[in-house]
Amino acid sequence: MSEIFTLANLKPNPGARRRRKRVGRGPGSGHGKTAGRGHKGHKARSGGSTPPGYEGGQMPLQRRLPKRGFRNPFRVRFSIVNVGQLERFEAGTTVDVAALERAGLVDGGPVKLLAKGKVTKPLTVRVDRWSRAAAQAVSSAGGTVEAP
């Protein structure tokens with residue numbers, strides 16, 4: 001009878017996993033003395049590897065390409081939530097960043113509310129930023145939008 005494979009008894013096929021090559025462990029291993037590195041030279045030394053992006057002396061790609069623009073290190077990225085996504089909450093609840101995280105709509109950081117979709121329930125929404133149209137959509141459903 002063939003074995004039934006479940007997550008509890010999975011194993012690789014015979015010969016699929018090879019043993020680690022243990023170099024520098026004596027002449028009997030076949031990988032002793034120079035440990036497969038050959039004699040002398042840059043790659044025989046400790047730390048003897050080329051840095052990432054090294055192209056053998058050719059001007060590396062990251063230095064050949066022109067540099068343009070500016071990346072602001074202080075930029076604040078907002079997570080976007082549309083008013084249509086607020087339909088999943090019960091009427092009369094307070095929807096804040098923590099509630100949005102629990103619902104899986106955002107993953108931390110500041111949140112901005114935008115006006116795509118429709119909301120029909122009165123909700124109290126506490127987010128960092130919102131568009132004028134989003135605030136109007138929430139208030140027309142009987143809710144309010146306020147800063148946390």
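Small disclaimer: the values here were computed from a predicted structure and weren't measured.

What counts and what doesn't
- Residues numbered from 1 in each chain as written.
- Predicted model: local features only at pLDDT ≥ 70, side-chain atom pairs only at ≥ 80, totals over all residues.
- Heavy atoms only, no water.
- Helix = DSSP H or I, 4+ residues; strand = E, 2+ residues; numbered from the N terminus.
- Patch = residues over 30% accessible without salt bridge, like charges linked within 9 Å, V, L, I, M, F, W, Y side chains within 5 Å.
- Areas by Shrake-Rupley, 256 points an atom, 1.4 Å probe, with all protein chains shown as cover.
- Salt bridge = Lys/Arg side-chain N within 4 Å of Asp/Glu carboxyl O.
- Lys, Arg positive; Asp, Glu negative; His and termini not counted.
- Charge placed at Lys NZ, Arg CZ, Asp CG, Glu CD.
- Buried < 20%, exposed > 50% of the residue type's maximum accessible area, 1.4 Å probe, protein only.

What is the right way to look at the environment of Gly109 in this model?
Position of Gly109 among the secondary structure elements: in the loop between α2 (97-102) and β3 (111-114). In sequence terms Gly109 and Val138 are 29 residues apart; their C-alpha atoms lie 22 Å from each other.

Teacher, can you tell me more about a positive patch on the surface here?
Positive charge collects at one region of the surface, where Arg19, Arg20, Arg22 and Arg25 lie side by side. Note on placement: Arg22 falls in the segment before α1 (61-64). Assessed through its relative accessible area of 48%, Arg22 is described here as partly exposed.

Explanation requested: the pattern of salt bridges in the structure shown.
When charged atoms on two side chains of opposite charge get close, those side chains can pair. Summed over all chains, the structure comprises 2 salt bridges. Across the pair Glu55 and Arg64 runs a salt bridge whose closest N-O atoms are separated by 3.1 Å. By relative accessible area, which is 41% here, Arg64 ends up partly exposed. Taking the shortest distance from any N to any O, the salt bridge between Arg126 and Glu146 comes out at 2.6 Å. Here the residue Arg126 occupies a position in strand β4 (residues 124-126), and Glu146 occupies one in strand β6 (residues 144-146), the gap between them amounting to 20 residues. Judged by relative accessible area, which is 33%, Arg126 ranks as partly exposed. Of the residues examined, Glu146 reaches a relative accessible area of 28% and is grouped as partly exposed.

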